[in-house]
Amino acid sequence: MAKKNTHQNDADGNQEAGNPRRDFLKQSTLITAISLSPGALLKAADAKLDDKFAAYLEKIPLSLEVNGVKHNLSVEPRVTLLDLIREQLSLTGTKKGCDHGQCGACTVHVDGQRVLSCLTLAVTQQNNKVTTIEGVADGEKLHPLQEAFIKHDGFQCGYCTPGQVMSGIACIKEGHAGNDDDIREYMSGNICRCGAYHNIVKAIAEVNKEGLPI
Ligand code: FES
Ligand code: FES
């Protein structure tokens, strides 16, 4: 009795499926191709990365106001508001402490709200109004909270002070400076490694009592 053929033949008469010799040849050809062309694979991956990197570095037009001055800039998408302020606008009063949103040294105001500029991408600030520590005094006249920091010894090395002042002004405007506990709570994002906290609270409480200028 003739043996039943379970495979179909293709145009060349080869069996279409289930041919162990053919499967073996296919697999070994694939393995050879991969082993002979790692450079080509890497090149293709590199080209993809280059495209992504180029997009990453491509500058984007950005208009924003800083301390009342309008700026039309070109900014890479990866640049933070902190780096833009310090490096492109040379306003170095705003400090880089941790660069990770943990110390508050980089606090600025955007449209009246306090933000951590190290966690804010500059390109997201299109047409916004930014105020830095350089923008709070009235010419030669210091802001009342700056005066109060001096009066109450609210700093030692001063590195955290610009962020403390910007946060303190916001804290008063937000209505979170009614008592010392509130001030401590709402200023808790601003770290002072010199430990000037007690005097910072006194300065903010005093200005809150006297009222901020508009
Ligand atoms: Fe932004 Fe520390 S530098 S929170
Ligand atoms: Fe030195 Fe605050 S005054 S870190």
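Not measured: the values here are computed from a predicted model. (Residues numbered from 1 in each chain as written. Chains lettered and ligands numbered in written order. Predicted model: local features only at pLDDT ≥ 70, side-chain atom pairs only at ≥ 80, totals over all residues. Heavy atoms only, no water.)

Caption draft 1: Highlighting the overall build of the chain. Along the chain, the regular secondary structure elements total seven helices and five strands. Its helices and strands in sequence order give the chain the pattern α-α-β-β-α-β-β-β-α-α-α-α, from N to C terminus. Within the span of the chain, comprising 214 residues, buried residues form 33% of the whole. Roughly 13600 Å² of accessible area belongs to the chain as shown, and the carbon and sulfur atoms make up 53% of that amount. (Helix = DSSP H or I, 4+ residues; strand = E, 2+ residues; numbered from the N terminus. Buried < 20%, exposed > 50% of the residue type's maximum accessible area, 1.4 Å probe, protein only. Areas by Shrake-Rupley, 256 points an atom, 1.4 Å probe, with all protein chains shown as cover.)

Caption draft 2: Here's a closer look at helix 7 (residues 197–210). The end-to-end C-alpha distance of helix 7, which contains 14 residues, comes to 20 Å, matching closely the 20 Å that a straight helix rising 1.5 Å per residue would cover. Those residues of helix 7 lying buried are Asn199, Ile200, Val201, Ala203, Ile204, Glu206 and Val207. Positive backbone phi, at 90°, marks Gly211, one or two positions downstream of helix 7. (Expected span 1.5 Å × (residues − 1).)

Caption draft 3: Spotlight on the sheet that holds strand 5 (residues 129–131). Read across the open sheet, the five strands follow the order 2-1-5-3-4; overall the sheet is mixed. Sheet topology places strand 2 (69–75) and strand 4 (113–116) at the edges, where each strand pairs with a single neighbour. Neighbour-to-neighbour, the strand axes of this sheet turn through a mean angle of 40°, independent of strand direction. Alignment of strand 3 (residues 107–110) against strand 4, held across four bridges, turns out to be antiparallel. (Pairing = 2+ DSSP bridges. Axes fitted to C-alpha atoms, helices over the stretch in contact; angles between N-to-C directions.)

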